[in-house]
Amino acid sequence: MERGEKRLSLADRVRSLKEKGRFAEAEEEIQRELKKNPDQPFLKLNLADLYLRQDRLAQARILVEEVLSQDPRHPQGLAVLGEIFLKQNSPKEALECFRQAFARDPAIT
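Since we're looking at a predicted model, the values are computed, not measured.

Trainee: Could you give an account of the layout of surface pockets, with specific residues and numbers?
Mentor: Here the largest pocket is characterised by a volume of approximately 270 Å³. Looking at the largest pocket, the residues that line it are Ala 11, Arg 15, Lys 18, Glu 19, Phe 42, Leu 45, Asn 46, Asp 49, Arg 53, Gln 76 and Val 80. Among the elements that make up the lining of the largest pocket, the one with the highest residue count is helix H3 (residues 41-53) (five residues). When the residues that make up the lining of the largest pocket are grouped by side-chain class, the tally is four nonpolar, two polar and five charged.

Below, the structure written as structure tokens:
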């Protein structure tokens, strides 16, 4: 971890590491926090997004399904699921996920 990254929030540190392609370090950060808060949707979805970036779709899907099993209309969960569907060449399913996510949270990207 670079010196300036220590002062950043977890979300900012993970985002920075992902942008730099330092996926292993990002995964370690998220896994460390998940051990403390294993049911935290934010952490699970960040890890799912990280797996998605690495084409680890099955692992990403498991995490997304865990979040959606607790809240089937979780906007970020639906958005990540939509990204998984896109990677799997299932645009209709992806579009439906994005539509539902946007209906719940128009700021979703």
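From this point, the discussion proceeds with the structure in view.
Trainee: How would you summarise the pattern of salt bridges if you had to cite specific residues and measurements?
Mentor: Counted by the stated rule, this structure contains twelve salt bridges. Note that Asp 49 and Lys 18 form a salt bridge whose closest N and O atoms lie 2.7 Å from each other. Of this pair, Asp 49 sits in helix H3 while Lys 18 is found in helix H1 (residues 10-19), placing the two residues 31 residues apart along the sequence. The salt bridge partner of Asp 49 is Arg 53, with a shortest N-O separation of 3.0 Å. Separated by four residues within a single helix, Asp 49 and Arg 53 lie in helix H3, roughly one turn from each other. Each member of the salt-bridge network shares a partner with another, and the members are Arg 13, Glu 29 and Arg 32.

Trainee: Kindly report on the confidence of the model for the protein chain, identifying the contributing residues and their values.
Mentor: In the predicted model, the protein chain carries a mean pLDDT of 91, and the fraction of residues at 70 or more is 93%. pLDDT under 50 marks residues 1-5. Its contacts with residues more than four places away, or in other chains, come to twelve contacts.

Trainee: Describe the environment of Phe 98, listing the residues and the values that go with them.
Mentor: Position of Phe 98 among the secondary structure elements: in helix H6 (residues 91-104). A C-alpha to C-alpha distance of 8.8 Å links Phe 98 and Ile 108, two positions ten residues apart in sequence. Beyond its immediate stretch of four places on either side in the chain, Phe 98 contacts Ala 79, Gly 82, Glu 83 and Leu 86.

Trainee: Describe the nonpolar core, listing the residues and the values that go with them.
Mentor: The biggest cluster of nonpolar side chains holds 29 residues, and the ones touching the most others in it are Ile 30, Leu 47, Ala 48, Val 64, Leu 81 and Ile 84. Looking at this core, the elements that each hand over two or more residues are H1, helix H2 (23-36), H3, helix H4 (57-70), helix H5 (75-87) and H6. Ranked by residue count, the leading element in this core is H3, at seven residues. Discounting chain neighbours no more than four positions away, the residues touching Ile 84 are Leu 52, Ala 60, Arg 61 and Val 64.

About the thresholds
- Residues numbered from 1 in each chain as written.
- Predicted model: local features only at pLDDT ≥ 70, side-chain atom pairs only at ≥ 80, totals over all residues.
- Heavy atoms only, no water.
- 1 Å grid on protein atoms, 1.4 Å probe; cavity = no way out; pocket = protein on both sides within 12 Å on 5 of 7 lines; lining within 4 Å.
- Points joined across faces, edges and corners; volume = space filled by probe spheres on them.
- Helix = DSSP H or I, 4+ residues; strand = E, 2+ residues; numbered from the N terminus.
- Nonpolar A, V, L, I, M, F, W, Y, C, P; charged D, E, K, R; others polar.
- Salt bridge = Lys/Arg side-chain N within 4 Å of Asp/Glu carboxyl O.
- pLDDT = per-residue confidence, 0-100.
- Contact = heavy atoms within 4.5 Å.
- Core = buried A, V, L, I, M, F, W, Y, C linked by side-chain atoms within 4.5 Å.
- Buried < 20%, exposed > 50% of the residue type's maximum accessible area, 1.4 Å probe, protein only.

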